[in-house]
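Descriptive analysis of the structure
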Amino acid sequence: MCGIAGFVGIGSRTDIQRITRALAHRGPDGAGFFVDDAAHVFLGHRRLAILDVAGGEQPMWNEDGQIGVVFNGEIYNHADLRVELQAHGHRFATDHSDTEVLVHGYEEWGVDLPLRLNGMFAFAILDRRRKRMFLARDRFGEKPVYYTAKSNLFAFASELAALTEHPGVSRSINVQALQKFFAYGYLPAPHALLEGVRKLPGGHWLTYDLNSGAIVETPYWRFILQTDDSLSDADEPRLVEECAALLTKAVQRRMMGDVPLGVFLSGGLDSSIVLASISRNSPEKTFDAFTIGFDESSFDETKHARAVARRLGAAHHLRRLNLTQARDLIDSLPRRLDEPLGDASLLPTYLLSSLAREKVAIALSGDGADELFAGYDPFLALRPAATYARVLPTSWHEVLRRVVDLMPISESNMSPDFRLRRVMMGLSHSASMWLPIWMAPLDPRDAAELFETPLRIEEVYDEAIAAWESDPTKSPVDRALEFFTRFYLQDDILMKLDRAAMMCSLETRTVFLDNDLVDFCRRLPYRFKLRNGERKYLLKKAARRVLPPSIVDRKKKGLGIPVAKWLREVPHEPPLTPLPGARVDYARRAFAEHRSKAHDHRLFLWSWIGMQGFSTRLREIGAAQATEVSR
């Protein structure tokens, strides 16, 4: 796991060193640079040594020095690709580096290289022969890359804040992107918060012509369900076998490396089946499992995680997150995040990563299973919501919504009043917007109060609307599966996992996003995922072979935290620095209403705190650059 950066055009060696230094947490084991002053090309790399510890320095070049790469991630099928490339006559200098496979793979397959990769990656290849830069990102965007392009500069980096260390990159917040952030709680790619900056979406590659400055951004893969409707219930035993085998293979692929490896363990189904698979793959070893606990019982899962670890023979490590620790993290963590995130489970994910890094350099995670196998609550809400919207007049809905708003506010995890308010908020709009609004930091009506500029809801949610309406023949469940996998997984869950772990210099690997397992899920009709109100139907069938019913059938909690309760006390003084186009008075009122328990603004307040931390970091970067120039 590493950090990558580079630019073509205006700038100097000092600039690439400064950008790369801002990525040091992603790669504490070393730095590498390439500078071509004549061509105005600069590359930087920070390394976290996981594979080929002794020989994996970057940038890495081919034999004649014409093809070079900076790479962040892991290629799980690199050994097979190496054999194939050697058969084509390519000679390798390293013993087992997956980075060198990218160099020779690009020589052999050009821009089709990403299609052959099973892994998580963001890389940039400098092709000095064709005089172009080639960037690519993995299918789901597990590894990040941001870029900006203007007449005299093309620049990229693993993190947004690091990119702004180049003086030619804008630090002005884009108001439309800010509106989208408060609408989703994250920013769907290709949007980034800064003017002129984009996130390369997952499943895309990009070429930049060093002579003309022309950019071509191309999708090479997208998560689209292509269900095999010939599958029947008679196929279920075979499908369970296939699911279990693919999961085992996915775990085996992610066990590669030359450093210690462990597992994030919540005690729920997804992480437990990952630990079970890894234990069955190497029964002679004792693996480390890491858990975060809470004092509040409705959020705490430690007894379940402890039971799973004991049953599977893992060494269990536990750390608790309480209000005292939260005070410091709520103040400091948003400032360290390179792009704000409206998901407060960033806090326990960071603490979990910190705990794991004390013992291991790699942690396997169960993320992705909820999106692929229909694990979230909204999957259960789709049918009753459709019935409600069809039979109830709008005027009655507004009355019922006001009644629901009068319910006492609970601070428990996913309490009934919280769920009802969310559902009613979404049902005030068309079905194409239910999913994002159910999870949004702000009701669109409140967002219109927050922003001075007009809020066009169809533009703010245009990605979600387009995805929902792209194929009306698909069932609501399938459309929901595509929404969560394309947007929420990529730009919330995986973004949170990457940033929290990388702050701790920890590599995380998501088992369920293995290419073969994902392709299996894409062809499964949804009745094998959601059946008679049971979520993750087929996955649970596979899990019963290795886990007890007490784990498989336990009600899902998710990695929630008591943020509603904590935000009544912290931060001590609400952060109220103005944001472009936003009314500070709205935020001030929201803090006051939340702390008096008049309303529950937890999602908005956490998102606001995240934006405040991000804007503070931008100001600090600007001040540092101004000081440097004055010297």
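A brief report on the enclosed structure follows. (Residues numbered from 1 in each chain as written. Predicted model: local features only at pLDDT ≥ 70, side-chain atom pairs only at ≥ 80, totals over all residues. Heavy atoms only, no water.)

Within the protein, the secondary structure is distributed over 25 helices and 19 strands. Against the globule reference of 25 Å for 631 residues, the protein gives a C-alpha radius of gyration of 24 Å, in line with a compact fold. C-alpha extents for the protein along the principal axes are approximately 70 × 65 × 50 Å. Taking all 631 residues of the protein together, 62% fall into the buried category. Taking the intrachain contacts of the protein between residues at least 6 apart in sequence as the baseline, contacts between residues at least 24 apart amount to 73%. (Helix = DSSP H or I, 4+ residues; strand = E, 2+ residues; numbered from the N terminus. Rg over C-alpha atoms; globule rule 2.2 N^0.38 Å. Buried < 20%, exposed > 50% of the residue type's maximum accessible area, 1.4 Å probe, protein only. Contact = heavy atoms within 4.5 Å.)

Adjacent strands of a sheet pair through backbone hydrogen bonds, lying either parallel or antiparallel. As summarised here, the arrangement of the six strands in space is 2-3-1-9-8-10, forming an open sheet in which the pairing is antiparallel. Looking at strand neighbours, the two that pair on one side only are strand 2 (31-36) and strand 10 (197-199), the edges of this open sheet. Direction aside, neighbouring strands of the sheet carry axes that sit 10 degrees apart on average. In this structure, strand 8 (residues 146-150) lies alongside strand 9 (residues 153-157), joined through five bridges in antiparallel fashion. Its bridge partner being in strand 9, Tyr146 is matched across the sheet by Ala157. (Pairing = 2+ DSSP bridges. Axes fitted to C-alpha atoms, helices over the stretch in contact; angles between N-to-C directions.)

Pairing within the open sheet is parallel, and its five strands lie in the order 15-14-13-16-17. Only two strands of the sheet have a single partner each, and these edge strands are strand 15 (315-321) and strand 17 (507-510). The mean angle between the axes of side-by-side strands here comes to 30 degrees, regardless of whether they run parallel or antiparallel. Across four bridges, strand 16 (residues 362-365) lies against strand 17 in parallel orientation. Residue pairing across strands places Ser365 opposite Thr510, the latter belonging to strand 17. Across the face of the sheet, helix 7 (residues 269-281) comes into contact with strand 13 (261-264), strand 14 (288-294) and strand 16 while running at roughly 155 degrees to strand 13.

Let us now look at the nonpolar core. Ranked by size, the top nonpolar core spans 189 residues in total, and within it Phe123, Phe182, Tyr461, Phe512, Leu547 and Phe604 carry the most contacts. Counting residues per element, this core draws most heavily on helix 19 (residues 476-503), at 15 residues. Not counting residues within four places of it along the chain, the set of residues in contact with Leu547 comprises Leu269, Ser272, Ile273, Ala276, Leu312 and Val552. In this structure, Ala122, Ala124, Leu126 and Val145 belong to the second largest nonpolar core, which totals 18 residues. (Core = buried A, V, L, I, M, F, W, Y, C linked by side-chain atoms within 4.5 Å.)

Of note, Cys2 is situated in strand 1 (residues 2-9). Owing to a relative accessible area of 5%, Cys2 belongs among the buried residues under this scheme. Residues Cys2 and Tyr388 lie 386 residues apart in sequence; the distance between their C-alpha atoms is 49 Å. The residues touching Cys2, leaving out its near neighbours within four places in the chain, are Arg26, His45, Arg46, Arg47, Leu48, Phe71, Asn72 and Ser158.

In a structure, side chains of opposite charge can pair up when their charged atoms sit close to one another. Inspection of the entire model under this criterion finds 52 salt bridges. A salt bridge links Arg499 to Asp338, with the shortest nitrogen-to-oxygen separation between them at 2.5 Å. A residue pair is termed long-range when its members are at least 10 positions apart, and Arg499 in helix 19 and Asp338 in the loop between helix 9 (323-336) and helix 10 (346-357) qualify at 161 residues. Considered together, Arg499 and Asp338 belong to a single accessibility category, that of buried residues. For the salt bridge of Glu482 with Arg486, the shortest nitrogen-to-oxygen distance reads 3.3 Å. Taken together, the positions of Glu482 and Arg486, both in helix 19 and four residues apart, correspond to about one turn of that helix. Residues joined in a network through salt bridges with shared partners are Arg26, Lys143, Glu159, Asp338, Asp498 and Arg499. (Salt bridge = Lys/Arg side-chain N within 4 Å of Asp/Glu carboxyl O.)

The next subject is the packing of aromatic side chains. Under the counting rule described, the total for this entry stands at 29 aromatic pairs. Ring centres of Phe379 and Phe484 lie 5.4 Å apart, and the angle between their planes is 40 degrees; on these two criteria the pair is classed as tilted. Placement of Phe379 in helix 12 (residues 377-391) and of Phe484 in helix 19 is noted, with a sequence separation of 105 residues between them. The exposure class assigned to Phe484 is buried, which follows from its relative accessible area of 0%. With centroids separated by 5.9 Å and ring planes inclined at 85 degrees, the aromatic side chains of Phe484 and Tyr488 adopt a geometry described as edge-to-face. Of this pair, Phe484 and Tyr488 both sit in helix 19, separated by four residues, roughly a single helical turn. Here the aromatic cluster, defined as three or more aromatic residues joined through ring pairs, consists of Tyr184, Tyr186, Tyr376, Phe379, Tyr461, Phe483, Phe484, Phe487 and Tyr488. Positioned over the ring face of Phe528 is Arg531, at 5.4 Å from the centre of the ring. The side chain of Arg531 reaches across the aromatic face of Tyr537, ending 4.2 Å from its centre. (Phe/Tyr/Trp six-rings, centres within 6.5 Å; stacked < 30°, edge-to-face > 60°. Lys NZ or Arg CZ within 6 Å of the ring centre and 35° of its normal.)

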